[in-house]
Amino acid sequence: MIDNSTEIALSLQGISKIYGPSCPACIQKTGPEMGTNICPECGSIVACADISLDLHAGEILGIVGESGSGKSTLVKCLYFDLEPTYGEAYLSYYGNGRLNIFSETSQKKRYIRNHIMGIVYQNPHMGLRMNFSCGGNVAEKLLTADCYHLGKIRHRASELLTKTEVPVARMDDLPRNFSGGMQQRVQIAKAMANNPPILLLDEVTTGLDVSVQAKVLDLIKSLQWELGISMLVVSHDLGVVRLLTNRTAVMKNGRIVEIGLTDQILEDPQHVYTQLLINSLL
Amino acid sequence: MNDILAVENLSKIFMMHILNGKVIRGCEDISFTLPEGESIGILGPSGTGKSSILKCIYRTYIPTEGRIVYHSLQFGTVDLASAPENIILALRNTEIGYVSQFLKIMPRVSALDVVAEGLIKRGTEKQEARYRAREHLTRLQISPDLWDAYPSTFSGGEQQRINIARAAIVKPRLMLLDEPTASLDGRTREAVIDLLLELKREGTSIIGIFHDLDTMFQLVDKTYDMSVFDSYKAEV
Ligand SMILES: Nc1ncnc2c1ncn2[C@@H]1O[C@H](COP(=O)(O)OP(=O)(O)OP(=O)(O)O)[C@@H](O)[C@H]1O
Ligand SMILES: Nc1ncnc2c1ncn2[C@@H]1O[C@H](COP(=O)(O)OP(=O)(O)OP(=O)(O)O)[C@@H](O)[C@H]1O
Ligand SMILES: [Mg+2]
Ligand SMILES: [Mg+2]
Ligand SMILES: [Zn+2]
């Protein structure tokens, strides 16, 4: 539950995702101290475990960690793409912050996906229908919020694409034919279609040219600045996190090993793994 | 005058796990008080922990021991050594400013907008914020040719003045200055001192580290000398 006076937008409490049969030893025998996310007893993969954190209203919170540390798993659980094995999540914008969104009906979950949260996937193929036009991709999201007037849909789609700097002239083209940076910007336009107060961004800039990265980062900053959207920004690039966030959580082997002010994480890392991560990048 | 800040037995020790648990002393057993509206200069040889003190107050470093008691307008008495992160962020936004020894410049933002940002964040109209930013840039002798350029390409002294303007424009209650005039020449240093003295007259309390003693004595009411600590450290 979220206390309404605290300005917390999203609260995660003990989220775990285990692939495999799972046994009583799974949690205890995995994690950064054990150096693995594979349970030695039963072979299950503990993709993430015991993840608790609060996202404050209007805040951009960074999540960093090496490949396989569980970042995408966490984000996909929040967007209901995966069902967490344990854990609860509360949204201040839903049921007054009193309802664990994971135990809601699938109809309610759809409402949350379409109105309260937007997502940009690490892989654009997950977020976009490559054989729909780029305007069609945005329109699809608008339809989920009961916007059926064709003229209005086109108007809003072009507005969003302009905001994310996708040339409106290319609205009827297929995203398959777009560059990686443009695909990510179409994903952002789609994610924002229904003005959600929360965005989940998974490696939005990975694999993009530096100059294109810069444009996407500037766009994200302006979205927070102008619209006050709260965001979880997942990245293994500390430069991205330094630029965008005030607070950062560090993940390793499915666990959060450290969470703190971003400048503190970078300049005075506490956990041995964070020190390794920072040092490897200096 | 009441104290705005009291540092009590502050120590910062770095535990370097990746160097087999090697321990590095940042600063040790630091205590001083700062009456509201006054300013204190921290002095001592290189490596004695001057910057570490400021970074602990700003919470870029997590203090190992001691308290940093700050009397805030927003939250009353707060121990900056242990306050929750959202309180620290709120105070950074509204009450506590910091000019770092090494410059961190935001990419792809014009000098004018870098300086205006703090005001806009606090709700000042964009036009008005830009106007005040121009005043500050003029005052710190940044050529108007540079106002629309990105500070990442500026000279060290220009970047330093951008950093000072950016922190000063919001008139923080408490200003932390880490060698703000280190790479300035006489004329621009005078302009910076003049701006800082004006802030002080308007009520800002200052904790500063100054390379050059002449600058320091124009600005501070008292000093905290780290060399005592240094000789102690040498003995250990
Ligand atoms: N469907 C699945 N079945 C089994 N294991 C999985 C499955 N999906 C993910 N995993 C495992 O879960 C762990 C976490 O994966 P995840 O994709 O969340 O990592 P990540 O932190 O996002 O990594 P990256 O930075 O490479 O994107 C990995 O060990 C991965 O192999
Ligand atoms: N982030 C850090 N990690 C590890 N050690 C650090 C860190 N920051 C400072 N130190 C160490 O703490 C000690 C004090 O450093 P600090 O920067 O506070 O000194 P200073 O008095 O400001 O020096 P200078 O006058 O050269 O700027 C030094 O030995 C330094 O190496
Ligand atoms: Mg991933
Ligand atoms: Mg220093
Ligand atoms: Zn197991």
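Placed above this text is the structure.
The notes below deal with the structure included here.

Criteria and thresholds
- Residues numbered from 1 in each chain as written.
- Chains lettered and ligands numbered in written order.
- Predicted model: local features only at pLDDT ≥ 70, side-chain atom pairs only at ≥ 80, totals over all residues.
- Heavy atoms only, no water.
- Core = buried A, V, L, I, M, F, W, Y, C linked by side-chain atoms within 4.5 Å.
- Buried < 20%, exposed > 50% of the residue type's maximum accessible area, 1.4 Å probe, protein only.
- Helix = DSSP H or I, 4+ residues; strand = E, 2+ residues; numbered from the N terminus.
- Contact = heavy atoms within 4.5 Å.
- Axes fitted to C-alpha atoms, helices over the stretch in contact; angles between N-to-C directions.
- Parallel < 35°, antiparallel > 145°, perpendicular 65-115°, else oblique.
- Nonpolar A, V, L, I, M, F, W, Y, C, P; charged D, E, K, R; others polar.
- Donors = N, O, S within 2.8 Å, 3.2 Å for Na, K, Ca; no water.
- Near = heavy atom within 4 Å.
- Polar contact = N/O pair within 3.5 Å; in protein donor to acceptor, adjacent residues only side chain to side chain.
- Areas by Shrake-Rupley, 256 points an atom, 1.4 Å probe, with all protein chains shown as cover.
- Pairing = 2+ DSSP bridges.
- Buried area = accessible area lost by both parts, 1.4 Å probe.
- Salt bridge = Lys/Arg side-chain N within 4 Å of Asp/Glu carboxyl O.
- Phe/Tyr/Trp six-rings, centres within 6.5 Å; stacked < 30°, edge-to-face > 60°.
- Lys NZ or Arg CZ within 6 Å of the ring centre and 35° of its normal.

Residue and element names in this part refer to chain B. If you look at the biggest cluster of nonpolar residues, it comprises 39 residues, and the most contacted ones within it are Val115, Leu137, Leu140, Ile162, Met175, Leu177 and Leu196. Elements with a minimum of two residues in this core: helix H3 (111-121), helix H4 (126-139), helix H5 (156-168), strand S7 (174-178), helix H6 (186-201) and helix H7 (213-219). At 7 residues, H3 tops the list of elements feeding residues into this core. Beyond its immediate chain neighbours, meaning those up to four positions away, Leu140 contacts Arg161, Ile164, Ala165, Ala191, Val192 and Leu195.

Before going further, it helps to examine the packing of H3 of chain B against H5 of chain B. For any two helices packed against each other, one specifies the crossing angle of their axes together with the interaxial distance. All names here are of chain B. Look at H3 against H5: their axes get within 7 Å of each other, and the N-to-C directions meet at 30 degrees. With respect to H5, the element H3 is oriented roughly parallel. Where H3 abuts H5, its residues Ala111, Val114, Val115 and Glu117 lie against Ile162, Ala165 and Arg166. In the contact of H3 with H5, the residues fall into 5 nonpolar, no polar and 2 charged.

Time to look at the coordination of the magnesium ion (ligand 3). Residue and element names in this part refer to chain A. Within the first shell, the magnesium ion (ligand 3) binds the protein through Ser72 (OG) and Gln122 (OE1), at distances of 1.9 to 2.2 Å. Placement of the pair is Ser72 in helix H1 (residues 71-78) and Gln122 in the loop between strand S5 (117-120) and helix H3 (124-127), with a sequence separation of 50 residues. Residue Gln122 is classed as partly exposed on the basis of its relative accessible area, which comes to 40%.

Moving on: the site of ligand 2. Around ligand 2 sit 16 residues in total, of which Ser46, Lys50, Ser51, Ser52 and Tyr61 of chain B are the nearest. Residues within reach of ligand 2 are spread across chains A and B. One of the backbone N or O atoms of Gly47 of chain B is found 2.9 Å from an oxygen atom in ligand 2. Between ligand 2 and Ser51 of chain B, the relevant distance is 2.8 Å, taken from an oxygen atom to a side-chain nitrogen or oxygen of the residue. Here ligand 2 loses 71% of its free accessible area of 630 Å² to cover by the protein chains.

Before going further, it helps to spend a moment on the site of ligand 1. Residue and element names in this part refer to chain A. Close to ligand 1 lie 15 residues, the nearest being Ser67, Gly68, Lys71, Ser72 and Thr73. At 2.8 Å, a backbone N or O of Gly68 approaches an oxygen atom of ligand 1. Contacts to ligand 1 include Thr73, whose side-chain N or O atom sits 2.5 Å from an oxygen atom. About the coverage of ligand 1: the protein hides 65% of its 640 Å² of free accessible area. Those elements that provide at least two residues to the shell around ligand 1 are strand S2 (45-56) and H1. Residues that form the shell around ligand 1 fall into these classes: 3 nonpolar, 9 polar and 3 charged.

This part takes up the sheet that holds strand S9 (residues 222-225) of chain B. Residue and element names in this part refer to chain B. Strand order in the open sheet made by the 5 strands is S6-S7-S8-S3-S9, with parallel pairing throughout. Looking at the sheet topology across the chains shown, the edges are occupied by strand S6 (96-99) and S9. On average, adjacent strands in this sheet sit at an angle of 15 degrees to one another, irrespective of strand direction. The sheet contact formed by strand S3 (residues 39-43) and S9 spans 4 bridges and is parallel. Bridge assignment links Leu43 to a residue of S9, and that residue is Asp225. The strands touched by H5 within the sheet are S6 and S7, with S6 carrying the most contacts at an inclination of about 175 degrees.

Once that is clear, we can look at the interface of chain A and chain B. Taken residue by residue, the interface counts 22 residues in chain A and 24 residues in chain B. On the chain A side of the contact with chain B, Trp225, Leu261 and Glu267 of chain A bury the most area, a combined 31% of that side's loss. Where chain A meets chain B, there are 5 salt bridges. Of the charged contacts in the structure, one is a salt bridge between Glu267 of chain A and Lys55 of chain B, with a shortest N-O distance of 2.9 Å. There are 10 residue pairs in polar contact (both at pLDDT 80 or more) connecting chain A and chain B. For the side of chain A that touches chain B, the secondary structure elements donating two or more residues are helix H7 (210-227), strand S9 (255-261), helix H9 (262-267) and helix H10 (272-279) of chain A. The element best represented in the side of chain A that touches chain B is H7 of chain A, accounting for 5 residues. Tallied by class, residues from the side of chain A that touches chain B come to 8 nonpolar, 8 polar and 6 charged.

Before going further, it helps to examine H10 of chain A. Buried within H10 of chain A we find Tyr273, Thr274, Gln275, Leu277 and Ile278 of chain A. Structurally, H10 of chain A contributes buried residues whose contacts are with strand S3 (60-65), helix H8 (238-244), strand S8 (247-252), S9 and H9 of chain A together with strand S1 (3-16) of chain B.

A ring pair, where both rings are aromatic, is described by two values, the distance of the centres and the angle of the planes. All names here are of chain A. Following the criterion strictly, the structure yields 5 aromatic pairs over all chains and no others. Both rings, one in Tyr79 and one in Tyr121, keep their centres 6.4 Å apart while their planes meet at 85 degrees; by these two values the pair is edge-to-face. Taken as a pair, Tyr79 in the loop between H1 and strand S4 (86-91) and Tyr121 in the loop between S5 and H3 lie far apart in primary sequence, 42 residues in all. Above the face of the Tyr19 ring, Lys17 is positioned so that its terminal group lies 5.2 Å from the ring centre. Of note, Arg129 hangs over the ring of Phe132, and the distance from its end group to the ring centre comes to 5.3 Å.

Take the environment of Lys17 of chain A next. All names here are of chain A. Here Lys17 is to be found in strand S1 (residues 8-19). Assessed through its relative accessible area of 11%, Lys17 is described here as buried. Residues Lys17 and Val46, spaced 29 residues apart in sequence, show a C-alpha to C-alpha distance of 6.2 Å. The residues touching Lys17, leaving out its near neighbours within four places in the chain, are Ile45, Val46, Ala47, Cys48, Thr73, Cys77, Leu82, Glu83, Pro84 and Thr85. A polar atom in the side chain of Lys17 sits 2.8 Å from the backbone oxygen of Glu83.

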